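An overview of the molecular structure
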Amino acid sequence: MKLLNQSIKYLAIALLFVVALWAIAFYFSMLNQIKDSIDEELEHQKRLIIRNTLSDAIIATKPDFDENLYTLERINKRAAISAKDQYLDTEILMQDADDPIPELEPVRMLVTVFRANNSYYQLKIVNPIIEQNDLIKALLWNVIGLYIILILSIIFINNFILKKLWQPFYTFLEQLKLYKIDDSKPLSETKTNIQEFKDLQQTVDEMTQRSVNAYNRQKEFTENAAHELQTPIAIARNKIELLFEENNLTENQVQKLTETYQVLQRLTKLNKSLLLLSKIENIQIMEELEINFNELVKQNIKELEEIALFKKVEIVVAEKDSLVRKMDKSYAQILVANLLKNAIYHNIENGKIEILIDTQQLSISNTGNEEKLDNDKIFNRFQKYNSFSNSTGLGLAIVKAIASIYRLEINYYFQDKKHCFQLKFGKQ
Amino acid sequence: MKVLVIEDEEQLLNNIKESLEKEKILVETAMEFNTAIEKALIYDYDCILLDIMLPNGSGIDILKELKKSNKTDNVIIISAKDSLDDKLLGLELGADDYLTKPFHLAELNARVKAVIRRKNFSGNHILDILNVSLNTNERELKINNELVHLNRKEFDILSYFLMNKNRLIPKSALAEYVWGDHSDEADNFDFIYYQIKNLRKKLNDAKADVTIEAVYGMGYKLTET
């Protein structure tokens with residue numbers, strides 16, 4: 001969930017409680033206010049009625065509430081003395097203008113007593129009040145309305161203000177997503193006045209710097225190690241070559257020497273490939289030349305045609321168009337040669353290699369083992385599918401490394417029982 | 001024939017020396033910068049093998065000094081650094097060839113001979129051994145003055161053998177030579193075997209005075225019949 005939505009979610013929940021509590025408090029305070037004002041009105045009525053009653057010669061009792069909304073009854077002295085003014089919430093039968101028959105309506109009632117001509121009277125005055133249900137209903141709708149307005153404005157404000165506030169963060173995040181450790185470009189500074197973001201940026205900068213340093217040290221180590229190994233390997237290998245030329249070796253000795261020699265040979269290849277890989281990854285691009293891949297492919301086929309013939313592998317080239325890109329010459333050569341050698345070597349007898357070239361791609365498909373290779377692993381270092389093979393398992397890793405420095409897409413797929421490697425060059 | 005080998009690694013130096021001496025080449029050695037530059041400038045050599053990284057200085061500086069006295073045309077750089085930078089700089093300074101460590105002695109041998117041949121028989125691209133004549137420019141093989149057709153790889157293999165006459169060439173060195181650089185699959189010997197078989201047959205059919213012998217099953221050797 002995005003930060004923006006998350007904050008809206010929490011605010012919505014919190015506001016729900018706040019608004020609900022506020023509504024309850026508001027309801028009671030409103031009710032009190034209404035009652036207070038009605039009570040004052042009743043008091044005022046009381047005084048008017050009593051004054052009017054006292055001025056009359058004969059006091060007429062009035063047992064029913066009619067349109068004057070009060071009753072007047074005689075009561076005995078004892079009851080009168082113990083009586084106090086009372087305000088009551090009650091209901092009486094009343095007929096409003098819109099009611100067909102009298103209904104019970106909520107009223108506020110003042111019950112009071114007074115003395116006139118040595119008689120005691122009880123006066124009840126009523127004043128209709130709004131129904132509480134109606135009040136609650138009205139309040140509820142208003143509260144819901146308020147809540148919706150609040151949420152909408154929060155979404156609006158969040159979208160507007162928060163997005164603006166977090167803008168540097170998102171810019172920074174976007175940069176981090178695109179960041180590659182082998183790309184020597186440092187993160188560009190995101191302009192912000194917010195301390196937290198400044199801290200974040202500084203921390204991340206320090207962290208990436210540390211990673212880059214570690215990465216470089218590791219690369220350097222691989223290169224140096226491979227480098228330093230070259231001379232000792234050369235010495236050992238050459239010693240055996242010299243030893244072979246001595247005539248007094250027994251068959252057993254030769255056998256063991258041959259095996260040792262082959263191991264050294266493998267070590268040499270491994271080491272050379274590792275050196276090449278680390279060199280490619282250090283992006284030592286020397287010179288960019290216009291490379292015509294059609295020519296390069298044909299030249300490589302010519303170079304390997306006897307081997308293909310020997311392995312009874314037919315090579316067919318379909319040139320839909322010419323493919324020309326700027327590239328380091330030796331890298332382009334290694335790229336094409338490795339793919340081609342791979343296709344020849346892992347082929348079957350009477351197999352076929354189909355090469356397709358157009359303006360944006362070079363694809364090489366070959367017959368071979370009828371089993372799909374693992375897409376995720378095929379370009380990994382030291383990935384071997386044949387345990388008997390003396391291959392270093394670095395050939396395709398080198399292809400991948402070269403492809404990635406030139407940002408070419410390389411795909412592998414298995415289709416119609418053919419292994420296909422496709423190099424996509426993108427638009428020129 | 002005299003060759004100066006400038007190399008600071010003693011063991012490697014001994015290997016090179018021993019291998020070249022088998023070719024009846026006189027080998028002088030230098031193991032650090034000052035001796036090397038002294039020898040290189042004072043004496044004339046048919047070929048100079050030059051390591052780039054030396055105690056007390058760089059092989060590149062020796063090359064620069066040699067260039068001043070116009071003596072760079074027979075220099076082969078041998079370096080552990082397979083960097084295009086050094087290669088280009090070396091060749092720009094007039095070095096004749098560039099060999100990356102580790103190399104096969106047969107390869108070094110072939111390169112040294114090519115340099116000497118170019119220097120001593122300027123522009124001569126013909127390798128003559130008994131009745132066999134190989135033109136490396138025209139890519140033509142003549143035996144008893146008769147043209148013998150070879151395919152590309154057979155030609156490459158034969159020229160490698162001719163430059164290493166009587167020397168054992170391990171199968172893996174041949175495989176590497178045939179499959180090329182940075183190849184993942186160089187230890188596939190079937191193809192080598194097949195090519196050698198064809199070559200032998202062609203040499204035999206044309207009554208060449210040389211033949212290719214298998215040695216212990218680990219390699220081959222070109223010998224006179």
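Residues numbered from 1 in each chain as written. Chains lettered and ligands numbered in written order. Predicted model: local features only at pLDDT ≥ 70, side-chain atom pairs only at ≥ 80, totals over all residues. Heavy atoms only, no water.

**Overview of the interface of chain B and chain A**
Reports often express the size of an interface as the amount of accessible area lost when the parts come together. Chain B puts 49 residues into the contact, and the matching count from chain A is 48 residues. Counting across the chain B and chain A interface gives four salt bridges. Along the contact surface separating chain B from chain A lie 16 residue pairs in polar contact (both at pLDDT 80 or more). Those elements that provide at least two residues to the side of chain B that touches chain A are helix 1 (10–21), helix 4 (84–92), helix 5 (105–120), helix 6 (152–162), strand 12 (168–170), helix 7 (171–179) and helix 8 (189–205) of chain B. A total of six residues in the side of chain B that touches chain A trace back to one element, the largest contributor, which is helix 1 of chain B. Here the residues of the side of chain B that touches chain A are counted per class, giving 19 nonpolar, 14 polar and 16 charged. (Contact = heavy atoms within 4.5 Å. Salt bridge = Lys/Arg side-chain N within 4 Å of Asp/Glu carboxyl O. Polar contact = N/O pair within 3.5 Å; in protein donor to acceptor, adjacent residues only side chain to side chain. Helix = DSSP H or I, 4+ residues; strand = E, 2+ residues; numbered from the N terminus. Nonpolar A, V, L, I, M, F, W, Y, C, P; charged D, E, K, R; others polar.)

**Focus: the domain arrangement of chain A**
Per the domain assignment, the segments of chain A are domain 1 (3–137), domain 2 (195–281) and domain 3 (288–424). Centre-to-centre separation of domain 1 of chain A and domain 2 of chain A, based on C-alpha positions: 99 Å. (Domains from an automatic or database assignment.)

**With respect to the packing of helix 3 (residues 132–178) of chain A against helix 4 (residues 195–244) of chain A**
Residues and elements named next belong to chain A. Across the interface, helix 3 lies against helix 4 with an axial gap of 10 Å and an inter-helix angle of 15°. Comparing the axis directions of helix 3 and helix 4 gives the class roughly parallel. Helix-helix and strand crossings are classified by hand; for helix 3 and helix 4 the assignment is left-handed. Taking contact as the criterion, the partners of Leu165, Trp166, Pro168, Phe169, Phe172 and Leu176 in helix 3 are, on helix 4, Phe197, Leu200, Gln201 and Val204. Split into classes, the residues belonging to the contact of helix 3 with helix 4 amount to nine nonpolar, one polar and no charged. (Axes fitted to C-alpha atoms, helices over the stretch in contact; angles between N-to-C directions. Parallel < 35°, antiparallel > 145°, perpendicular 65-115°, else oblique. Left-handed = near helix turned anticlockwise from the far one by under 90°.)

**Re the sheet that holds strand 3 (residues 103–116) of chain A**
All names here are of chain A. Strand order in the open sheet formed by four strands is 1-4-3-2, with antiparallel pairing between adjacent strands. At either end of the open sheet lies a strand with only one pairing partner, and these are strand 1 (70–75) and strand 2 (86–94). Ignoring strand direction, the axes of neighbouring strands in this sheet form an average angle of 35°. Sheet analysis places strand 1 next to strand 4 (residues 119–128), joined by six bridges and oriented antiparallel. Looking at strand 4, one finds that Ile75 is bridged to Tyr120. Strands in contact with helix 1 (residues 3–55) are strand 1, strand 2, strand 3 and strand 4; relative to strand 3, the strand with the most contacts, it is inclined by about 45°. (Pairing = 2+ DSSP bridges.)

**Focus on the packing of aromatic side chains**
Scanning the entire structure with this criterion turns up 16 aromatic pairs over all chains. A centroid spacing of 6.1 Å and a plane angle of 80° characterise the contact between Phe379 of chain A and Phe421 of chain A, whose relative ring orientation is edge-to-face. Placement of Phe379 of chain A in the loop between strand 9 (361–366) and helix 8 (395–405) and of Phe421 of chain A in strand 11 (residues 418–424) is noted, with a sequence separation of 42 residues between them. In this structure Phe379 of chain A comes out as buried when scored by relative accessible area, which is 11%. For Phe421 of chain A, a relative accessible area of 4% puts it in the buried group. Through a chain of ring-to-ring contacts, three or more aromatic side chains come together here, namely Trp166, Phe169, Tyr170 and Phe197 of chain A. Geometry around Tyr10 of chain A places Lys9 of chain A over its ring, the cationic atom sitting 5.4 Å from the centre. Positioned over the ring face of Tyr45 of chain B is Lys2 of chain B, at 5.3 Å from the centre of the ring. (Phe/Tyr/Trp six-rings, centres within 6.5 Å; stacked < 30°, edge-to-face > 60°. Buried < 20%, exposed > 50% of the residue type's maximum accessible area, 1.4 Å probe, protein only. Lys NZ or Arg CZ within 6 Å of the ring centre and 35° of its normal.)

**Observations regarding the confidence of the model for chain A**
Confidence in the prediction of chain A, expressed as mean pLDDT, is 84, and 94% of residues score 70 or more. Confidence scores differ between elements of chain A, with helix 2 (residues 77–82) of chain A showing the lowest mean pLDDT of 82 and strand 8 (residues 351–358) of chain A the highest of 93. (pLDDT = per-residue confidence, 0-100.)

**Considerations on the domain arrangement of chain B**
Residues and elements named next belong to chain B. Annotation of chain B at the domain level lists domain 1 (2–120) and domain 2 (126–224). Relative placement of domain 1 and domain 2: their C-alpha centres are 26 Å apart. Contacts between the two partners involve 12 residues from domain 1, matched on the other side by 14 residues from domain 2. Between domain 1 and domain 2 lies a buried interface of about 1,000 Å² when both sides are counted; carbon and sulfur atoms form 46% of it. Contact with domain 2 buries area across many residues of domain 1, yet His104, Ala106 and Arg117 alone supply 47% of it, more than any other trio. (Buried area = accessible area lost by both parts, 1.4 Å probe.)

**Re the sheet that holds strand 13 (residues 210–215) of chain B**
Residues and elements named next belong to chain B. On the basis of which strands lie adjacent, the open sheet formed by three strands has the order 12-14-13 and antiparallel pairing. Edge strands, defined here as strands with exactly one partner in the open sheet, are strand 12 and strand 13. Mean inter-strand twist for the sheet, computed between neighbouring axes without regard to direction, equals 30°. As paired strands, strand 12 and strand 14 (residues 219–224) are joined by three bridges and run antiparallel to one another. Bridged to Pro170 within strand 14 is Gly219.

**A word on helix 8 of chain A**
Note on helix geometry: an α-helix contains 3.6 residues per turn, so any two residues three or four positions apart are oriented the same way. Residues and elements named next belong to chain A. With nine of 11 residues buried, helix 8 is to be regarded as a mostly interior element. Among all positions in helix 8, only Gly395, Leu396, Ala397, Ile398, Val399, Ala401, Ile402, Ala403 and Ile405 are buried. Backbone geometry just downstream of helix 8 places Arg407 in the positive-phi region, at approximately 50°.

**Description of the UniProt feature "transmembrane region" (unreviewed entry) in chain A**
With numbering aligned to this structure, UniProt lists the feature "transmembrane region" (unreviewed entry) at residues 12–30 and 139–162 of chain A. As annotated, residues 139–162 of chain A has a helix share of 100% and a strand share of 0%, and its two end C-alpha atoms lie 32 Å apart. (UniProt positions renumbered as here; feature names shortened; annotations may be inferred.)

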